[in-house]
Amino acid sequence: MFKKFFKKSKKEEIKEEASQVVVSEETVEEQAEKLQVEEEQQVEEVQKVEKPKEEVVKEVALDSSVEEIQNEELQLVEDKKEIEEVVEEPKMSLFERLKQGLSKAKQGITDRVDQVLKSYTKVDEDLLEEIEEILITADVGVDTTMNIIDKLTDAIKTKKITDPQDVKGELKLIIEEILTNENSTLDVSHSPSIIIMVGVNGVGKTTTIGKLASRYKKEGKKVLIAAGDTFRAAAIDQLEVWANRSGVDIIKHQEGADPGAVIFDSIKAAKARDIDLLICDTAGRLHNKANLMNELSKVFKIVDREYPEAKKEVLLVVDATTGQNAVSQAKSFKQVCDITGLVLTKLDGTAKGGVVLAVKSEVDVPVKLIGVGEKMEDLQDFDAKAFSDALFG
């Protein structure tokens, strides 16, 4: 009986061991699966951690690429500047600028005269009539043209000129003589000096003031600008831009303020700051001639009373492209104030450069400055000989 029990127990033991083996095998598989799941989870977690690292690396690489590109662009800009400095165009002389600026006027006057002279074999009345027509259409003006033709006729008779080509040389001499004036130089050598700019709107007063301020500042003078045109919109702002660009001070009031008050304050400031040159803008658009006269008269009275020690220049600015209107403006302003000189702007923009002759001779005021371009150097002191040389050269 004990044997049976023993044997039975052995069997049961074997069964139990076998079942334990099965159970353990199942446990191993479960453990393996769990391990695999855990490994996969760990891989996913690592990937989650590694992914941002890769993105950071990419971003760093991208940033470095952008930085390299920016550095290359900066280097290209520097290289371009160096190349431009090496290949910089030689600066033009004042005469070359003048000649270039008068190219349209030359086409409208001397080139046409050349064509007429080539078509004639002798000097006669027909030739002179054609020259007369050229001068009138070039805005020289009827009276000035007749004066030129009379002088040309006398020179032809006196010098017994028979070759049409010699007429051009005589015409050049006559024009130079008409434009020549002893007081054609703008004189601000005295300290203090004051320049009062007059003229209608749109002729280039503001630009002329800015260029003059820049010129005399570079010459070492202490310059002050007075924004006396308080009526035109943005006139004060434009002058302020020029003042900042030129590195000079400006005295201004609000738009619509009394121009006389601006000039008064400017003179006080000029005295206090020991200014060498005061440049005053004035209103160019008023309702009628009486208002214009009253405003300008007030300005001149203030200047005479408050700044008698200053050397005074009154410059009338006229736009050369307006032709005979420039002459009319000059005549009107001459009735209002004592003009000491003319400034002819935008001569580079017209083929009718004869307006220089018309304004000078009909108003009997010397041309002191001419504008033949937009650059600073293109506002030039007027030289009758240089002008005629550039026109006929």
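Residues numbered from 1 in each chain as written. Predicted model: local features only at pLDDT ≥ 70, side-chain atom pairs only at ≥ 80, totals over all residues. Heavy atoms only, no water.

Describing the layout of surface pockets
So, point 1. Quantified by volume, the largest pocket comes out at close to 310 Å³.
So, point 2. Along its surface, the largest pocket is lined by 16 residues, and Leu 94, Arg 215, Glu 377, Leu 379 and Gln 380 are the ones closest to its centre.
So, point 3. Elements supplying a minimum of two residues to the lining of the largest pocket: helix 2 (94-101), helix 8 (205-218) and strand 8 (379-381).
So, point 4. Element by element, the count of residues in the lining of the largest pocket is highest for helix 8, at four residues. (1 Å grid on protein atoms, 1.4 Å probe; cavity = no way out; pocket = protein on both sides within 12 Å on 5 of 7 lines; lining within 4 Å. Points joined across faces, edges and corners; volume = space filled by probe spheres on them. Helix = DSSP H or I, 4+ residues; strand = E, 2+ residues; numbered from the N terminus.)

Here's the deal with the UniProt feature "domain: SRP54-type proteins GTP-binding" (unreviewed entry) in the chain
So, point 1. Here, the residues flagged by UniProt with the feature "domain: SRP54-type proteins GTP-binding" (unreviewed entry) are residues 366-379.
So, point 2. Along residues 366-379 one finds 0% helix and 43% strand; the C-alpha atoms at either end are 16 Å apart. (UniProt positions renumbered as here; feature names shortened; annotations may be inferred.)

Points about empty space enclosed by the protein
So, point 1. Per the stated rule, a full pass over the model turns up one cavity of 30 Å³ or more.
So, point 2. Of the volumes computed, that of the largest cavity is approximately 50 Å³.
So, point 3. In terms of lining, the largest cavity is formed by 10 residues, of which the most central are Pro 259, Thr 282, Ala 283, Leu 296 and Val 299.
So, point 4. Of all the elements in the fold, those that place two or more residues in the lining of the largest cavity are helix 10 (259-272) and helix 11 (289-306).
So, point 5. Considering each element in turn, the lining of the largest cavity owes the most residues, three residues, to helix 11.

As for helix 7 (residues 164-179)
So, point 1. The terminal C-alpha atoms of helix 7 lie 24 Å apart, and with 16 residues this matches the ideal 22 Å at 1.5 Å per residue to within 8%.
So, point 2. Turning to helix 7, its buried residues number three or more, namely Pro 164, Val 167, Glu 170, Leu 171, Lys 172, Ile 174, Ile 175, Glu 176, Ile 178 and Leu 179. (Expected span 1.5 Å × (residues − 1). Buried < 20%, exposed > 50% of the residue type's maximum accessible area, 1.4 Å probe, protein only.)

With respect to the nonpolar core
So, point 1. Ranked by size, the top nonpolar core spans 78 residues in total, and within it Ile 131, Ile 148, Leu 278, Leu 344, Leu 347, Ile 370 and Phe 387 carry the most contacts.
So, point 2. In this view, Phe 387 contacts Leu 98, Leu 102, Leu 179, Leu 347, Gly 353, Val 356, Ile 370 and Phe 382; residues no more than four positions away in its chain are not counted.
So, point 3. Within the second largest apolar cluster, 24 residues are counted, among which are Ile 195, Ile 209, Leu 277 and Val 317. (Core = buried A, V, L, I, M, F, W, Y, C linked by side-chain atoms within 4.5 Å. Contact = heavy atoms within 4.5 Å.)

Some thoughts on the side chain of Gln 380
So, point 1. Counting through the fold element by element, Gln 380 comes out in strand 8.
So, point 2. Each residue touching Gln 380, except ones within four places of it in the same chain, is listed here: Leu 94, Arg 97, Leu 98, Arg 215, Lys 368, Leu 369, Ile 370 and Val 372.

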